[in-house]
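Reading the structure
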Amino acid sequence: MSATGVDGELLYNTHNIYGLSQAAATHSALENVLKKRPFILTRSTFPGSGRFAAHWSGDNNATWAGLRQSVHSLLASSMWGMPLAGSDICGFLGNTTEELCARWMSAGAFYTFSRNHNSIFSSAQEPYLWPSVAAAARKALAMKYRLLPHLYIHCRVTSSLAAKLGCGSAVTSAVTTGCTSRAACLGS
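What counts, and where the lines are drawn
Residues numbered from 1 in each chain as written. Predicted model: local features only at pLDDT ≥ 70, side-chain atom pairs only at ≥ 80, totals over all residues. Heavy atoms only, no water. Helix = DSSP H or I, 4+ residues; strand = E, 2+ residues; numbered from the N terminus. Buried < 20%, exposed > 50% of the residue type's maximum accessible area, 1.4 Å probe, protein only. Areas by Shrake-Rupley, 256 points an atom, 1.4 Å probe, with all protein chains shown as cover. Disulfide = S-S within 2.5 Å. pLDDT = per-residue confidence, 0-100. Contact = heavy atoms within 4.5 Å. Expected span 1.5 Å × (residues − 1). Arc of directions from axis to C-beta. Pairing = 2+ DSSP bridges. Polar contact = N/O pair within 3.5 Å; in protein donor to acceptor, adjacent residues only side chain to side chain.

Now for the overall build of the protein. Helices and strands together make up the secondary structure of the protein, namely seven helices and five strands. N-terminal to C-terminal, the α/β element order of the protein is α-α-β-β-α-β-β-α-β-α-α-α. Counting across all 188 residues of the protein, residues that qualify as buried make up 37%. Of the roughly 10,900 Å² of accessible surface on the protein, 61% is carried by carbon and sulfur atoms.

It is worth spelling out the state of the cysteines at this point. Across all of its chains, the model carries one disulfide by this definition. Note that Cys90 is cross-linked by a disulfide to Cys101, the S-S spacing being 2.1 Å. Taking the sign of the S-S torsion, about 85° here, the bridge from Cys90 to Cys101 comes out right-handed. Note that Cys90 is positioned in the loop between strand E4 (88–89) and helix H4 (98–108) and Cys101 in helix H4, a separation of eleven residues in sequence. Pair check on accessibility: Cys90 and Cys101 agree, each one buried.

Here we take up the confidence of the model for the protein. Looking at the protein, pLDDT values average 82 and 83% of them are 70 or higher. Averaged over each element, pLDDT in the protein is lowest for helix H6 (residues 170–177) (35) and highest for H4 (96). Here residues 163–188 scores under 50 on pLDDT; set against residues more than four positions off or in separate chains, the count is 42 contacts.

For helix H2 (residues 17–34), with 18 residues, the first-to-last C-alpha span of 25 Å sits near the 26 Å given by 1.5 Å per residue. Considered for burial, the residues of H2 that qualify are Gly19, Leu20, Ala23 and His27. What you see down the axis of H2 is that its buried residues fit within an arc of 100°, all on one side. Along H2, exposed side chains directed more than 90 degrees from the buried face belong to Tyr18, Asn32 and Val33.

The subject of this paragraph is the sheet that holds strand E2 (residues 54–56). The three strands are arranged E1-E2-E3 in an open sheet whose pairing can be described as parallel. Of all strands in the sheet, those with a lone pairing partner are strand E1 (41–42) and strand E3 (85–86), marking the two edges. Relative to E3, E2 runs parallel, the two sharing two bridges. Each bridged residue has a counterpart across the sheet, and for His55 the counterpart in E3 is Ala85.

Before going further, it helps to spend a moment on the side chain of Asp88. Residue placement: Asp88 occurs in strand E4. A distance of 3.1 Å separates polar atoms of two side chains, one belonging to Asp88 and the other to Trp56. Beyond its immediate stretch of four places on either side in the chain, Asp88 contacts Trp56, Gly58, Asp59, Asn60, Trp104, Arg115 and His117.

For residues besides glycine, phi is generally negative; the peptide bonds are generally trans as well. For Lys35, which is not glycine, the phi dihedral falls at a positive 60°. For Lys35, the location among the structural elements is in the loop between H2 and E1. Residue Lys35 is classed as exposed on the basis of its relative accessible area, which comes to 69%. In this model, Cys90 sits at a positive phi of 75°, which is unusual for a non-glycine residue. What makes Cys90 buried here is its relative accessible area of 0%.

Structure (structure tokens):
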């Protein structure tokens, strides 16, 4: 971690600032053209990138360790102000198992950015391929859709204010404050 740029700045301190600047420029351009808030997904992030883009954790492994790592990755994303973040549910590299995919679908439904995605070299892993995975996905997604208005408001406010809060507290926040609209959450 001692590599430096020509100006003497540690690269460790600025490595992904390029990703932040690209997300900000892309966000600004799309907002000007589309006249609405754009959706931008990036893997290269820096603290504050959550104001401009969603974060994808990159190619992960279809293993129990990959599932655990996805949780760590999303918690870390929350700490750097990335309220909209996710990883490839059921794993991207390698072949998942029915039990792993069912558990990952149950957890992954609550990622703020959710998608089941894998390599063309891996076995298919769509939820409908296994009845237990489809049932787990249906149950978790039904709960997520019931909570979606609260999750959306929390993530939007977090992103708008560039606060370093994670969406993990959205359910608690919505339930304890009665926050059911953006105006209610902001107190206006």
